[in-house]
Amino acid sequence: MRVGALAIVIAVAMITISNYAYGMEYDEQSIITPWDIQEDTISVLIMRDAAVQPYKIDIVEEVIKSNNGGQTKTQFTSWNNAIKNTNTKFSSQIPTLQIGHINNQNYITIYLKDEINSKYDGFTELTYKDGKIQNAFVSIYDSDEITPTQLKMLIRHELGHALGLGHIIEKPSIMNSIIYQQAKLITMFEMQLFLTVY
Ligand SMILES: [Zn+2]
């Protein structure tokens, strides 16, 4: 499904490094999977196709690290802001995201593609070792046509997968498999799931 006015359809696939089993449904997996890292940060590499406007990279960075606007103590526009607030409040050790500086084997790649996928607007592939995440590859389709608002919602959702979250079906969340406008910020509901593994 293409990006629509009302909803964005998202999917995640999992790659198991031992058997390369593609196409498993994320909903069948546990709701949170930890990363296999010793460091307290996960590096993020952002790429775009030539047809995708450079300012869209800035939007992705905003969703990773912005400290401005939209957040209260329980709602956050960026993942790093949500993670840092949660770590401070609960003395947890959820890894933060660091743009660039790939200095180890564990990192997230975000690729803004101009290609259109007939089924998905965003897609995250995860690589595992011993049940923990080693790498994540996020594809955003039709990135040259997507609006800034849609891109923000997509990146928030897909980075949720990249950080280890599955889909949430019980209540409105950025991790619903179809993203609706009423749940477009990261909340303590998602952050509390990380507390079970970090
Ligand atoms: Zn998803």
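Everything numeric in this text was worked out from a predicted model, so none of it was measured.

**Q** Describe in detail the overall build of the chain, supporting the description with residues and values.
**A** Summing up its helical and strand segments, the chain has four helices and nine strands in all. For the chain, the sequential pattern of α-helices and β-strands runs β-β-α-β-α-β-β-β-β-α-β-β-α. Counting every position in the chain, which comprises 198 residues, the buried fraction comes to 37%. Pairs at least 24 apart in sequence give 70% of the contacts found in the chain among residues at least 6 apart.

**Q** I'd like a rundown of unusual backbone geometry, residues and numbers included.
**A** Positioned with a positive phi, Ser 91 is a non-glycine residue whose angle comes to about 55 degrees. Within the secondary structure, Ser 91 is located in the loop between α2 (79-90) and β4 (96-99).

**Q** Explain the environment of His 101 to me, and be specific about the residues and the numbers.
**A** For His 101, the location among the structural elements is in the loop between β4 and β5 (107-112). In this structure the C-alpha to C-alpha distance between His 101 and Val 44, which are 57 residues apart in sequence, comes to 8.0 Å.

**Q** I'd like a description of the pairing of strand β2 (residues 41-48), backed by residues and values.
**A** Side-chain direction in a regular strand flips from residue to residue, so the side chains alternate between the two faces of the sheet. As judged from the four bridges shared by β2 and β4, these two strands associate in the parallel manner. Residue pairing in the sheet places Ile 42 in a bridge with Leu 97 of β4. Pairing between β2 and β5: six bridges, direction parallel. Paired with Val 44 across the strands is Ile 108, a residue of β5.

**Q** Outline the confidence of the model for the chain, supporting the account with residue identities and numerical values.
**A** For the chain, the average pLDDT comes to 82, and 80% of its residues sit at 70 or higher. Across the chain, element-level confidence peaks in helix α1 (residues 55-65) with a mean pLDDT of 97 and bottoms out in strand β1 (residues 7-16) with 48. Low confidence marks residues 1-8, where pLDDT is under 50. Its contacts with residues over four positions away, or in another chain, come to 15 contacts. Every residue in residues 14-29 scores below 50 in pLDDT, and together they form 24 contacts with partners more than four places removed in sequence or on other chains.

**Q** Could you give me a rundown of the environment of Met 153, with the residues and numbers involved?
**A** Structurally, Met 153 is set in helix α3 (residues 148-163). Since 26 C-beta atoms lie within 10 Å of it, Met 153 is described here as buried. Along the chain, Met 153 and Ile 174 lie 21 residues apart, while their C-alpha atoms are 7.5 Å from each other.

**Q** Residues and numbers for α3, please.
**A** The end-to-end C-alpha distance of α3, which contains 16 residues, comes to 22 Å, matching closely the 22 Å that a straight helix rising 1.5 Å per residue would cover. Across the 16 residues that make up α3, a large majority, 14, are buried. Positive backbone phi, approximately 120 degrees, marks Gly 164, located one or two places after α3.

The rules we used
Residues numbered from 1 in each chain as written. Predicted model: local features only at pLDDT ≥ 70, side-chain atom pairs only at ≥ 80, totals over all residues. Helix = DSSP H or I, 4+ residues; strand = E, 2+ residues; numbered from the N terminus. Buried ≥ 20, exposed ≤ 12 C-beta atoms within 10 Å, placed from the backbone. Contact = placed C-beta atoms within 7 Å. Pairing = 2+ DSSP bridges. pLDDT = per-residue confidence, 0-100. Expected span 1.5 Å × (residues − 1).

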